[in-house]
Amino acid sequence: MGRPVRIDQVELRELRMQLVHPFETSFGITRERRIVIVKVFSESQTGYGESTAGEGPFYSHETYQTAWHILSDFIIPNTVGKEFASAAEWASTVREIRGHRMAQACVETALWDLEAKFRGQPLWKLLGGSRTTIDCGVSIGIQPDIDALMAKIQTELDSGYRRIKIKIKPGWDIQVIQEVRRCFPNISLMVDANSAYTLADMDLFRKMDAFNLMMIEQPLHHEDMIDHAELQRQIQTPICLDESIHSADDAAKAIRIGACRIVNIKLGRVGGFREALRVHDVCRDQGIPVWCGGMLESGIGRAHNIALSSLDNFKLPGDVTASKRYWTRDIIDPPVEVDSDGRITERNDPGIGYRINEDTLTEFTVRSQVFAA
Ligand code: OSB
Ligand code: MG
């Protein structure tokens, strides 16, 4: 923070926000989000954080309800009333908590926003970022049919997005990829399986090598690295890990055994900026490019992702996109906007760089609790 400051108050909220379009992955359909937000107060400054835990325990074991529990019963009581010299230093407060990284990241990212505001600096600069514009790709959910998918891809390309990711699952995979490539022979294309396959599907993955995919994201079990290494030995297309990487140590081990050639970094999955920076550095030192994943965030989580993406090893377009792809009204002002070249420009206001619309935040709030020192 520049000097030790006391966290005077923490406000915890649960928001309910309707998605513009349902989002389908191999693990289910999301129509409406429940999003846990924290606001930390110190002196006259405030910082905001978002938990990326989902509505059910399907992407990971965490849900918005487990995040609320861990935050309200453990993390916030250990934070409020205490002094911290920096957001990075706060990590020792939660050293004893195993897992629940999305709950941890909620407060951790808020403290980074707070620190940047105390220092009068944009968060991306505090993190050590160098990119002033970031490249954006889109993640397109499983669609009712191929025609609907083709129309979506065309819409996103027309908006300027720089790479297309399509979700796959058994029964919606090789024929779909083949058809997309037939219609769009030259686009940057990748697929994300969200752990829907096993090594028994080796032939399927060998066939995917014919379609010049940038990468295959998390094809196998969400806790696995060993089978991914085996798969990577047998196919040419780079594997990117998402679900399996929770720390810099995980990333180092995955790289060492050849389980991936690319890493997706998500703030929630790794527990916040401190660990995300470490994952970034481990990958950079091993020549492994990273990109920033998305979790259908509100504007707060989106703003954190934009700041993170400014780091130099974010060499591939991320799943960081305009607010309007998800929300009719976002809780930040201005909403996140992507230019016609598929880029977001870093903002220079202190902290996350976007103003929070407190009225909209209150309107979307279905539960709140205040913790005072
Ligand atoms: O695997 O990247 C994923 C959304 C929810 C859970 C997991 C994932 C995703 C996405 C959407 O792919 C990314 C986005 O926010 O646009
Ligand atoms: Mg993924």
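All figures in this text were calculated on a predicted structure; none of them were measured in a lab. (Residues numbered from 1 in each chain as written. Chains lettered and ligands numbered in written order. Predicted model: local features only at pLDDT ≥ 70, side-chain atom pairs only at ≥ 80, totals over all residues. Heavy atoms only, no water.)

A. Up close: the overall build of the chain. Across its full length, the chain holds twelve helices and 17 strands. By the compact-globule yardstick of 21 Å for 373 residues, the chain fits well, its C-alpha radius of gyration being 20 Å. Once the C-alpha set of the chain is aligned to its principal axes, its extents read approximately 60 × 40 × 35 Å. Out of the 373 residues in the chain, the part that is buried amounts to 59%. Surface accessibility of the chain: about 14900 Å² in total, with carbon and sulfur atoms responsible for 46%. Separation between the mean location of the 44 positive side-chain charges and that of the 52 negative ones in the chain comes to 2 Å. (Helix = DSSP H or I, 4+ residues; strand = E, 2+ residues; numbered from the N terminus. Rg over C-alpha atoms; globule rule 2.2 N^0.38 Å. Buried < 20%, exposed > 50% of the residue type's maximum accessible area, 1.4 Å probe, protein only. Areas by Shrake-Rupley, 256 points an atom, 1.4 Å probe, with all protein chains shown as cover. Lys, Arg positive; Asp, Glu negative; His and termini not counted. Charge placed at Lys NZ, Arg CZ, Asp CG, Glu CD.)

B. A look at the site of ligand 1. If you check the shell around ligand 1, you find 16 residues, and the closest are Ser139, Lys167, Asn194, Leu296 and Tyr326. A total of 390 Å² of accessible area belongs to ligand 1 in isolation, and the protein chains cover 97% of it. A per-class count over the shell around ligand 1 returns six nonpolar, three polar and seven charged. (Near = heavy atom within 4 Å. Nonpolar A, V, L, I, M, F, W, Y, C, P; charged D, E, K, R; others polar.)

C. Representation of the packing of helix H1 (residues 64-75) against helix H2 (residues 101-118) in the model. Running from N to C, H1 and H2 cross one another at 60 degrees; their axes reach a closest spacing of 8 Å. Considering the angle they form, H1 stands oblique to H2. Two packed elements cross with a definite hand, and for H1 against H2 that hand is right-handed. Note on element contacts: H2 touches H1 through Ala103, Gln104, Cys106 and Val107, opposite Ala67, Ile70, Leu71 and Ile75. (Axes fitted to C-alpha atoms, helices over the stretch in contact; angles between N-to-C directions. Parallel < 35°, antiparallel > 145°, perpendicular 65-115°, else oblique. Left-handed = near helix turned anticlockwise from the far one by under 90°. Contact = heavy atoms within 4.5 Å.)

D. Structural view of H2. The end-to-end C-alpha separation of H2 is 25 Å, in line with the 26 Å expected for 18 residues at 1.5 Å each. Across the 18 residues that make up H2, a large majority, 17, are buried. (Expected span 1.5 Å × (residues − 1).)

E. Main features of the coordination of the magnesium ion (ligand 2). Those donors, Asp192 (OD), Glu217 (OE) and Asp242 (OD), are the protein atoms that reach the magnesium ion (ligand 2), and they lie 2.1 to 2.3 Å from it. Summarised as a motif, the one-chain spacing of the donors to the magnesium ion (ligand 2) is D-x24-E-x24-D. Pair noted here: Asp192 is in strand E9 (residues 189-192) and Asp242 is in the loop between strand E11 (239-241) and helix H8 (248-256), with a separation of 50 residues, a long-range link. Taken as a pair, Asp192 and Asp242 share a single burial class, namely buried. (Donors = N, O, S within 2.8 Å, 3.2 Å for Na, K, Ca; no water.)

F. Inspection of the sheet that holds strand E4 (residues 45-51) at higher detail. In space, the four strands of this open sheet follow the order E4-E3-E2-E17, with antiparallel pairing throughout. Each edge of the sheet is formed by a strand with only one pairing partner; in this case those strands are E4 and strand E17 (365-372). Geometrically, the sheet is characterised by an average inter-axis angle of 25 degrees between neighbouring strands, direction not taken into account. Relative to E17, H1 is tilted by about 15 degrees, and along the sheet it contacts strand E2 (9-25), strand E3 (28-42), E4 and E17. Most of the contacts of helix H11 (residues 299-308) go to E4, to which it runs at about 95 degrees, and overall it touches E3 and E4. (Pairing = 2+ DSSP bridges.)

G. Representation of unusual backbone geometry in the model. Cis geometry is adopted by the peptide bond preceding Pro334, which originates at Asp333 and carries an omega value of -5 degrees. Within the secondary structure, Pro334 sits in the loop between strand E14 (332-333) and strand E15 (343-345). One non-glycine residue with positive phi stands out, namely Glu43, at about 50 degrees. One non-glycine residue with positive phi stands out, namely Ser195, at about 70 degrees. Topologically, Ser195 is positioned in the loop between E9 and helix H6 (202-208).

H. Broad picture of the sheet that holds E9. Taking strand neighbours across the sheet as the criterion, the seven strands line up as E7-E8-E9-E10-E11-E12-E13 in an open arrangement whose pairing is parallel. Either end of the sheet is taken by a strand with one partner, and the two such strands are strand E7 (138-140) and strand E13 (290-292). Across three bridges, E7 lies against strand E8 (residues 164-167) in parallel orientation. Following the sheet pairing, Ser139 is matched in E8 by Lys165.

I. Broad picture of empty space enclosed by the protein. On inspection of all chains with the given rule, the structure shows three cavities of 30 Å³ or more. Within this model, the largest cavity holds a volume of roughly 70 Å³. Along its surface, the largest cavity is lined by Glu50, Thr52, Ala105, Thr109, Leu267, Gly268, Glu297, Gly301, His304 and Asn305. Mapped onto the lining of the largest cavity, the elements with two or more residues apiece are H2, helix H9 (267-270) and H11. Ranked by residue count, the leading element in the lining of the largest cavity is H11, at three residues. (1 Å grid on protein atoms, 1.4 Å probe; cavity = no way out; pocket = protein on both sides within 12 Å on 5 of 7 lines; lining within 4 Å. Points joined across faces, edges and corners; volume = space filled by probe spheres on them.)

J. How the structure looks around the packing of aromatic side chains. Tallying each qualifying case throughout the model produces four aromatic pairs. Ring centres 5.3 Å apart and planes at 80 degrees place the aromatic pair Tyr197 and Phe205 in the edge-to-face group. Phe205 shares its class with Tyr197; the two are buried. Ring plane angle 45 degrees and centroid distance 6.4 Å describe the contact between Tyr326 and Trp327, whose orientation is recorded as tilted. Comparing Tyr326 with Trp327, the two get one shared label, buried. Taking the ring centre of Tyr161 as reference, the NZ or CZ of Arg325 above it sits at 5.8 Å. Above the ring of Tyr354, the side-chain terminus of Arg347 is found at 4.8 Å from the ring centroid. (Phe/Tyr/Trp six-rings, centres within 6.5 Å; stacked < 30°, edge-to-face > 60°. Lys NZ or Arg CZ within 6 Å of the ring centre and 35° of its normal.)

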